[in-house]
Amino acid sequence: MIGAKDLIQLGTLVAAQHGWAAAKAFKAYEMPDGDKARLAACAVEILKVFPKAASEDRAASAWLSAALAVQLERHLAAPVQVVAGVLSVDGTPVHGRREPVDGPAVFGAEDLHWSGHVWVMVGPYVADIAIFREAASANCPAELARHVHSVFGPDKGLYVDHWRRTRRSGLGYEPQYVLSSEEVTRLMGGAYRLISPA
């Protein structure tokens with residue numbers, strides 16, 4: 001289970017990009033029912049316009065997460081962060097490696113080459129809009145696809161849970177980097193190209 005040390009580490013990552021006030025707001029946030037409904041509505045809107053075929057690209061989790069974060073910032077009065085790191089199933093990494101990450105180099109590059117996962121944090125809540133799309137794609141690691149289908153079933157669009165409880169469902173979200181606003185904006189360029197191909 002995620003301990004206090006891990007929450008401190010994530011708070012430190014948030015503070016590194018967005019300041020200590022943002023880190024404090026992140027830790028203190030509790031999601032009311034109204035925010036849950038708005039979060040679900042934002043996810044539905046994004047999944048409607050985002051092509052399913054895009055899930056074959058490893059950058060899709062980053063593009064979808066950036067799009068969700070931008071929508072949430074418009075509709076919620078909540079601390080929203082885009083986080084990059086390792087996604088694991090039952091403790092075994094399926095995306096990313098447990099080693100230091102040079103976030104500015106990875107997310108500042110013209111083309112995104114990232115083997116890890118990207119998700120949204122709404123305060124201490126994980127909001128993963130990419131995991132179910134990926135589980136249905138041909139390029140999904142077999143262990144992740146099996147796990148998602150056996151634990152959650154088909155036809156899901158958004159995974160939301162308090163970060164401390166994600167391991168109860170066998171998923172591990174291990175943060176390595178919190179993206180800056182500029183990096184999220186850059187990822188939105190990839191999302192827009194998919195939504196509105198030239």
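Here the structure is shown first, and the text comes after it.
Residues numbered from 1 in each chain as written. Predicted model: local features only at pLDDT ≥ 70, side-chain atom pairs only at ≥ 80, totals over all residues. Heavy atoms only, no water.

1. Describing the overall build of the protein chain
Within the protein chain, the regular secondary structure consists of eight helices and six strands. Going from the N terminus to the C terminus, the protein chain shows its helices and strands as α-α-α-α-β-β-α-β-β-α-α-β-β-α. Computed over the C-alpha atoms, the radius of gyration of the protein chain is 15 Å, within 12% of the 16 Å expected from 2.2 N^0.38 for a compact globule of 198 residues. With respect to the principal axes defined by its C-alpha atoms, the protein chain has extents near 40 × 35 × 35 Å. Within the protein chain, the fraction of its 198 residues that count as buried is 54%. (Helix = DSSP H or I, 4+ residues; strand = E, 2+ residues; numbered from the N terminus. Rg over C-alpha atoms; globule rule 2.2 N^0.38 Å. Buried < 20%, exposed > 50% of the residue type's maximum accessible area, 1.4 Å probe, protein only.)

2. Notes on unusual backbone geometry
Although it is not a glycine, D90 adopts a positive phi angle of roughly 50°. Along the polypeptide, D90 turns up in the loop between β1 (80-89) and β2 (92-95). Given a relative accessible area of 59%, D90 falls into the exposed group. For D155, which is not a glycine, the phi torsion comes out positive at approximately 60°. Assignment of secondary structure puts D155 in the loop between α7 (142-152) and β5 (159-162). The class of D155 is exposed, set by a relative accessible area of 79%.

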